[in-house]
Amino acid sequence: MRKLSISLLLDLISQFAFSQYTESITTSRPGQAFAPLTVGKKVFQLQTGLNFNGTRFDVFDDKDNEVAYSALFRYGIWEKIEFRTQFGLSRITSKPPEVTNNGLSSLSFGTKINLLNGEGKRPKIGLQGDFFIPAVSEDFKTDKVATTVILSHTQGITENLGVSTNFGISWDGNGSDAVGLYVINLRFPLGDFLGGFVEVYGFFNNAFFDVLFDGGFAYSVNDHIVVDLSVGYGKNDGEKQFFVDFGVSWRTRFGG
């Protein structure tokens, strides 16, 4: 019977893998952070998510409810370089008064480079850049190309605990000042095929510093399929945010 080692399980439930191509799939789900390592040469990986989230504004008693679907396609050009593209579909209902925006909400292209691949408790470091083009539905168009650049890191703390971090900068494509982003993620095994994570994340600039929390689980169906579930919450400057997210990831390898 198939049995995952502790290290492979930690890889499974986190977006931070301990090798470029592992016996079992490693993903960028669940959670907000991105992995420092790539999928591996000639590996195609699909990561999908269905997200239900809401925002409540204390001052005006306004409400935003969103249902969103996303699909991330990753392909290993070389062992340490991957190409990635992602699209998102959203339906956002705001009230009062009730207004609905829906359609193709995001379309991005980018790459990830593995800069350092330490073993054991030595760090792994990656650099990722994504470009979000304005060619989406009218409700979600931006003036220019939006850009996000992220430096990612992961390493083991103990046999059963790993830590991962992301630090980056983002431009929204509408001429606003750049916004910083951060993620601090802890992951741990809960069984042979089940693992969990908790993390704190947010955005910041000179005017604000947001703090949000989420956590969840991932289950290995087999070596190439993972399902996950996560929930999140945050309250910043009178704005309450919460979400429930469900995802499925799958991979295949082309050639030897």
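Before any of the text, the structure's been laid out above.
Fair warning: this is a prediction, and the values are worked out from it, not measured in the lab.

Novice: What should I look at first to understand the overall build of the protein chain in this one?
Specialist: Check the secondary structure of the protein chain and you find one helix and 12 strands. Order of helices (α) and strands (β) in the protein chain, N terminus to C terminus: α-β-β-β-β-β-β-β-β-β-β-β-β. Residues classed as buried in the protein chain amount to 43% of the 256 residues present. When the accessible area of the protein chain is evaluated, it comes to approximately 12500 Å², of which 63% is carbon and sulfur surface.

Novice: Which parts of the structure should I look at to understand the nonpolar core?
Specialist: One recurring pattern in soluble globular proteins is that nonpolar side chains are buried together. With five residues, the main nonpolar core is built from Ala33, Val183, Tyr201, Leu212 and Phe243. Contact partners of tyrosine 201, with chain neighbours within four places excluded, come to Gln32, Tyr182, Val183, Asp210, Val211, Leu212, Phe213, Asp214 and Phe243.

Novice: For this particular structure, what's the right way to read the pairing of strand E3 (residues 81-95)?
Specialist: Across 15 bridges, the pairing between strand E2 (residues 62-78) and E3 is antiparallel. Bridged to glutamate 66 within E3 is isoleucine 92. Where E2 folds back on E3, the antiparallel hairpin that results is connected by two residues. Pairing of E3 with strand E4 (residues 99-117) involves 14 bridges; the strand directions are antiparallel. Among the inter-strand pairings, glutamate 82 is bridged to a residue of E4, identified as lysine 112. Taken together, E3 and the strand that follows it, E4, pair antiparallel across an intervening segment of three residues.

Novice: Please explain the side chain of aspartate 130 as it appears in this structure.
Specialist: Inspection of the secondary structure puts aspartate 130 in strand E5 (residues 124-132). Only 3.4 Å separates the side chain of aspartate 130 from the side chain of arginine 84, close enough to count as a polar contact.

Novice: Quick question: what am I supposed to make of the packing of aromatic side chains here?
Specialist: One pair of aromatic rings is described through two measures. These are the centre distance and the angle between the planes. If you walk through the whole model with that rule in mind, you get seven aromatic pairs. Taking 6.3 Å as the distance between ring centres and 35° as the angle between the ring planes, the aromatic pair formed by phenylalanine 44 and phenylalanine 73 counts as tilted. Residue phenylalanine 44 is located in strand E1 (residues 43-57), and its partner phenylalanine 73 is located in strand E2; the two are separated by 29 residues in the primary sequence. In this structure phenylalanine 44 comes out as partly exposed when scored by relative accessible area, which is 22%. Relative accessible area serves as the criterion here: at 27%, phenylalanine 73 is assigned to the partly exposed category. Aromatic pair phenylalanine 44 and tryptophan 250: ring centres 6.0 Å apart, planes at 65°, arrangement edge-to-face. Within this pair, whereas phenylalanine 44 is found in strand E1, its partner tryptophan 250 is found in strand E12 (residues 239-253), the two being separated by 206 residues in sequence. Of the aromatic side chains, those joined through ring pairs into one cluster are Phe44, Tyr69, Phe73, Phe87 and Trp250.

Novice: Just checking my understanding: could you explain the pattern of salt bridges for this structure?
Specialist: Counted according to the given criterion, the structure contains five salt bridges. Its salt-bridge partner being aspartate 228, residue arginine 29 comes within 2.9 Å of it at the nearest N-O pair. Within this pair, whereas arginine 29 is found in the loop between helix H1 (6-13) and E1, its partner aspartate 228 is found in strand E11 (residues 225-236), the two being separated by 199 residues in sequence. Comparing arginine 29 with aspartate 228, the two get one shared label, buried. As a salt-bridge pair, glutamate 82 and arginine 84 come within 3.0 Å of each other at their nearest N and O atoms. Here glutamate 82 matches arginine 84 in class, with each residue buried.

Criteria and thresholds
- Residue numbering note: each chain is counted from 1, following its sequence as written.
- Owing to the predicted nature of the model, reporting of local features is limited to residues with pLDDT of at least 70; listing and counting of side-chain atom pairs is limited to 80 or more, with chain, interface and lining totals taken over all residues.
- Note that water and hydrogens are dropped before the side-chain values are worked out from all heavy atoms of the structure.
- Helix numbers and strand numbers start at the N terminus; a helix is a DSSP run of H or I with at least 4 residues, a strand a run of E with at least 2.
- Accessible area is worked out with a 1.4 Å probe on protein chains only. A residue is then buried under 20% of its type maximum, exposed over 50%, and partly exposed in between.
- Exposure was quantified through the Shrake-Rupley algorithm and a 1.4 Å probe, taking into account, for residues, occlusion by the shown protein chains and nothing else.
- To define a nonpolar core, start from buried Ala, Val, Leu, Ile, Met, Phe, Trp, Tyr and Cys residues and group those joined through side-chain atoms within 4.5 Å.
- By definition in these notes, contact holds between two residues if any of their heavy atoms fall within 4.5 Å.
- In this analysis, strands are considered paired if DSSP registers two or more bridges between them.
- The term polar contact refers here to a pair of N or O atoms within 3.5 Å; inside protein, the definition further demands a hydrogen-donor-capable atom paired with an acceptor-capable atom, and it admits residues adjacent in sequence only when both atoms are side-chain atoms.
- Centre distance within 6.5 Å is the pairing criterion for rings of Phe, Tyr and Trp, where only the six-membered ring of Trp is used; planes under 30 degrees apart are then read as stacked, over 60 as edge-to-face, and the remainder as tilted.
- Should a side-chain nitrogen of Lys or Arg be within 4 Å of a carboxyl oxygen of Asp or Glu, the pair is scored as a salt bridge.

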